[in-house]
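# Chains, contacts and geometry: an overview
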Amino acid sequence: MEKGAKNVSNQIRLINSVIENFKDENGLDEAFLFELFAISQILKNKNIDFDDIENSIVDGGNDGGIDSIIVLLNDTNLNTVEELEELKEGGELNRKTELEVLIIQVKDSDSFKERVFDALSITVQDVFEYSKEYDYLITRYNQLLIDRILLLRKALDEVMVISNKVKIKIVYISKGDTSQISNGVKNKAESIKGMLVDKSSVTNSTVEYYGADELRKIYIEPEENELILKFNADFSSTFEGVSSLGYVVLANIIDYYKFVSKDNGEIREGIFENNIRHFQGKVTVNRGIINTLNEDTDLEFWWLNNGITILANEIIPLPNNKLKIKNIQIVNGLQTTFCIYDHFKGLNVDTLRDNRSVLIKLIQTDDEKIMDKIIYSTNSQTEVRPADLRATDELQRDIENYFLSKGFYYDRRKNYYKNQNKERAKIFNIAKTAQYIETLLFKRPHIARANPTSLLKTDDNYKRIFSRSINLEAYLKACLLFRKTSQYIKEKTHSDDIISGRYGASMKNLSFHLMLTSTSIYLDNFYFNDTDLANMDLDDMDFSYFDTSIMYLIEIIDSMGEGGNIINIAKSKNYTNLIEGKLTQ
């Protein structure tokens, strides 16, 4: 056997073992296993959960050579056009907005082949030819792909008029060896890249390859949880009766820039996961920080800035004014950090001199209550929407602990359990739990569908959905019910999606309505309450209830006489009212 062939064989043997581990860790079956594994690895450092990855998969008949389309806005996944519109209406799109589109092809093969790009090149032309609208696309592609194409187009339209921070990636993944990619494949890639730039007007368009070895290395790469901070001056303190330890240091702003930057120059996004907000762009406060960095070079920076707050599990003093910090989370000062990062980004900082310092508070604690109080106190002193701080609420901690007692994970702190490598199929987050409760207990699937990101933006909404009067088991059952609904839809989507076949739109658009209707039929009561929900035996609820529900939903759609526009119907209060009437007659 030739050496190259032997290496490939070893790589495939290793990656197959890794995939088996991944399957066991996450409680997965064989369906789309390699796609789920591969996509989750290349997006390991992005803000996207397992359900979002599953929803991005368009593989099947008429997929145009595409397995997945991911749309990331500021490193956060977008699932629907409605989410994008809400962000726009909330003023969250600005000149600092970053958009990244990934068009992904995953092949469970031992090499990279030219024919992958042959199919993809035709589809790419259609994707970015805006004159080819829905009526044309539906004759060539499946509904899942069309939904992603329309989301991609809308995101590009909205962001490219205000920001230049847009990139598109064609990602080709296989179990092959990237060092053995043929010139024929590379030439086809260059051709499709040129077409992409021409059709989309996005000059930052690239083609990337991931093979068995790259995927294995990403999988085994540990999360960043230990960094060294160099400082100029400090003092430490403890508080009687508290086991925590605190440091206050002054660190040179260039040393701080290095501290928050990766070796490749990118910022370490992972250390901001417990911060309540991402970078807000050139808002008034940030313009002030930027002006201070650019103009007030004769004044100490920390005199003019509130500084940074860092939480850590362990802080170890080292010689030469250094601290080793483990499990770092910057919980306040993200705006300052990004302004400092942007100020020095792209420069050769090893040759620069800047004598200014930033003030940093570091607190070593494992006590979650202390951590929550610090997060709340350091952020509530500035103007922050009340809903942004909900993760620190006592009720949220109670829900988290209840889920844990049942073997599930409630991610009240974004990505906390993902970073602990917990089984992803058992992780649920605050925002999606709110959608499920809105659907089931408040009978408003149209609101859950139409306003997915705004349910928790007001204090009244939050207190209504997350209330001490609601049985804790009902929150868990709501999550598990949606998971069961998703399993049903997943099974139908690639075999017998009667909604898509009849109305040209994926059954996924009716996920919340299907969940509510099926639960109502199972309980024989549309007006079921949290106790009814909590007492449900989901093992007893087979897919026949969903089959019956789909027929009810179709009957109601046909009676509405609105041309079967599923996307609009799903957001219609009238549709919900008609479902209620059907189930209570």
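Per chain, residue numbering runs from 1 following the sequence as it is written. The predicted nature of this model means local features are confined to residues of pLDDT at least 70 and side-chain atom pairs, given and counted, to a pLDDT of 80 or more, with totals for whole chains, interfaces and linings taken over all residues. Hydrogen atoms and water are omitted, and side-chain values are computed over all heavy atoms in the structure.

### Focus on the sheet that holds strand β3 (residues 99-106)
The criterion for strand pairing is that DSSP finds at least two bridges linking the strands in question. Here a strand is any run of E in DSSP of at least two residues, a helix any run of H or I of at least four, and the numbering for each starts at the N terminus. One open sheet holds the 5 strands; their spatial order is β2-β1-β3-β4-β5, and the pairing between them is mixed. This sheet does not close on itself; its edge strands, each paired only once, are β2 (76-77) and β5 (205-210). Pairing geometry for β3 and strand β4 (residues 166-173), over 8 bridges, is parallel. Directly across from Leu102, in β4, lies its bridge partner Lys169.

### Digging into the packing of aromatic side chains
Any two of the Phe, Tyr and Trp rings considered here, Trp counted by its six-membered ring, make a pair once their centres fall within 6.5 Å; the pair's planes then place it as stacked at under 30 degrees, edge-to-face at over 60, or tilted in between. Using the criterion set out here, one finds 22 aromatic pairs in the structure. An angle of 80 degrees between the planes, with centres 5.2 Å apart, marks the rings of Tyr488 and Phe543 as edge-to-face. Residue Tyr488 is found in helix α19 (residues 472-493), and its partner Phe543 is found in the loop between α22 (530-534) and α23 (544-560); the two are separated by 55 residues along the sequence. The rings of Phe112, Phe117, Tyr172 and Tyr209 are connected pair by pair, giving a single aromatic cluster. The aromatic ring of Phe34 is capped on one face by Lys175, whose charged end is 5.1 Å from the ring centroid. In this structure, Lys443 is placed above the aromatic ring of Phe526, and the distance from its NZ or CZ to the ring centre is 5.8 Å. By the criterion adopted, a ring carries a charge over it if an Arg CZ or a Lys NZ lies within 6 Å of its centre and within 35 degrees of its normal.

### Details of helix α14 (residues 394-405)
Each helix should span, by expectation, one fewer than its residue count multiplied by 1.5 Å. Spanning 12 residues, α14 covers 17 Å between terminal C-alpha atoms, matching the ideal 16 Å at 1.5 Å per step. Looking at α14, one finds that the buried residues are Leu395, Gln396, Arg397, Ile399, Glu400 and Phe403. Of the residues one or two after α14, Gly407 is the one with positive phi, at around 85 degrees. Type-normalised accessible area, obtained with a 1.4 Å probe on protein chains alone, sets the label of each residue: buried when under 20%, exposed when over 50%, and partly exposed for intermediate values.

### Section: a negative patch on the surface
Put simply, a patch holds well-exposed residues, over 30% relative accessible area, that have no salt bridge, with like charges counted together within 9 Å and Val, Leu, Ile, Met, Phe, Trp or Tyr side chains within 5 Å. The Shrake-Rupley method, run with a 1.4 Å probe, gives the accessible areas here. Residue values count only the displayed protein chains as cover. The rule for a salt bridge is simple: a side-chain nitrogen of Lys or Arg has to be within 4 Å of a carboxyl oxygen of Asp or Glu. In this tally Asp and Glu are treated as negative and Lys and Arg as positive; neither His nor the chain ends contributes. Here the site of a charge means atom NZ of a Lys, CZ of an Arg, CG of an Asp or CD of a Glu. Taken together, the side chains of Asp537, Asp539, Asp540 and Asp542 make up a negatively charged region of the molecular surface. For Asp539, the position within the fold is in the loop between α22 and α23. Here Asp539 falls in the exposed class, since its relative accessible area comes to 76%.

### Focus on helix α2 (residues 33-42)
Given 3.6 residues per helical turn, the α-helix brings residues three or four places apart onto the same face. Of all 10 residues that make up α2, 10 are buried, and the element is covered over most of its length. Among the residues of α2, those classed as buried are Leu33, Phe34, Glu35, Leu36, Phe37, Ala38, Ile39, Ser40, Gln41 and Ile42.

### Quick notes on a nonpolar patch on the surface
Nonpolar side chains collect at one region of the surface, where Leu299, Trp302, Trp303 and Leu304 lie side by side and expose about 400 Å² of accessible area between them. A relative accessible area of 43% places Leu304 in the partly exposed class.

### Some details on the nonpolar core
Throughout this description, the term nonpolar core refers to a set of buried Ala, Val, Leu, Ile, Met, Phe, Trp, Tyr and Cys residues connected via side-chain atoms within 4.5 Å. The biggest cluster of nonpolar side chains holds 58 residues, and the ones touching the most others in it are Phe403, Phe466, Leu481, Ile499, Leu514, Leu533 and Tyr575. Ranked by the residues each element gives to this core, the list is headed by α19, at 10 residues. Residues in contact with Tyr575, not counting those within four places in the same chain, are Leu510, His513, Leu553, Ile556, Ile557, Met560 and Ile569. Here, two residues are considered to be in contact whenever any of their heavy atoms come within 4.5 Å of each other.

### Examining the sheet that holds strand β6 (residues 226-230)
Strands sit in the order β6-β11-β10 across an open sheet of 3 strands; the sheet is antiparallel. Each edge of the sheet is formed by a strand with only one pairing partner; in this case those strands are β6 and β10 (314-318). For this sheet the average axis-to-axis angle between neighbouring strands, irrespective of direction, equals 25 degrees. Relative to strand β11 (residues 322-326), β10 runs antiparallel, the two sharing 5 bridges. Only the stretch in contact is used when a helix axis is fitted, and all axes are lines through C-alpha atoms; the angle between N-to-C directions ranges over 0 to 180 degrees.

### Considering the confidence of the model for the protein chain
Looking at the protein chain, pLDDT values average 86 and 89% of them are 70 or higher. Each residue carries a pLDDT value, the predictor's own confidence for that position, ranging from 0 to 100. Below a pLDDT of 50 lies the segment residues 381-387, which in the model reaches 11 contacts outside its immediate sequence neighbourhood of four places, other chains included.

### Re the pattern of salt bridges
Close approach of charged atoms lets side chains of opposite charge pair. With the rule as written, the count across this model stands at 33 salt bridges. In this structure, Asp354 and Arg356 form a salt bridge, with 3.0 Å as the shortest nitrogen-oxygen distance. Taking relative accessible area as the criterion, Asp354 reaches 15% and is therefore assigned buried. Each of Glu82, Arg449 and Lys571 takes part in salt bridges that share partners, so that together they form one network.

### With respect to unusual backbone geometry
For Asn321, which is not glycine, the phi torsion reads 55 degrees and is therefore positive. Residue Asn321 is classed as partly exposed on the basis of its relative accessible area of 37%.

### Some words on the pairing of strand β9 (residues 308-312)
When you tally the buried positions in β9, you get 5 out of 5 residues, the bulk of the element. Here β9 shows two buried faces, one formed by Ile308, Ile310 and Ala312 and the other by Thr309 and Leu311. The sheet contact formed by β9 and strand β13 (residues 357-364) spans 5 bridges and is parallel. The partner of Thr309 across the bridge, within β13, is Lys361. Judged from the 3 bridges that link them, β9 and strand β12 (residues 329-332) form a sheet pairing that is antiparallel. Looking across to β12, one finds that Leu311 is bridged to Gln329.

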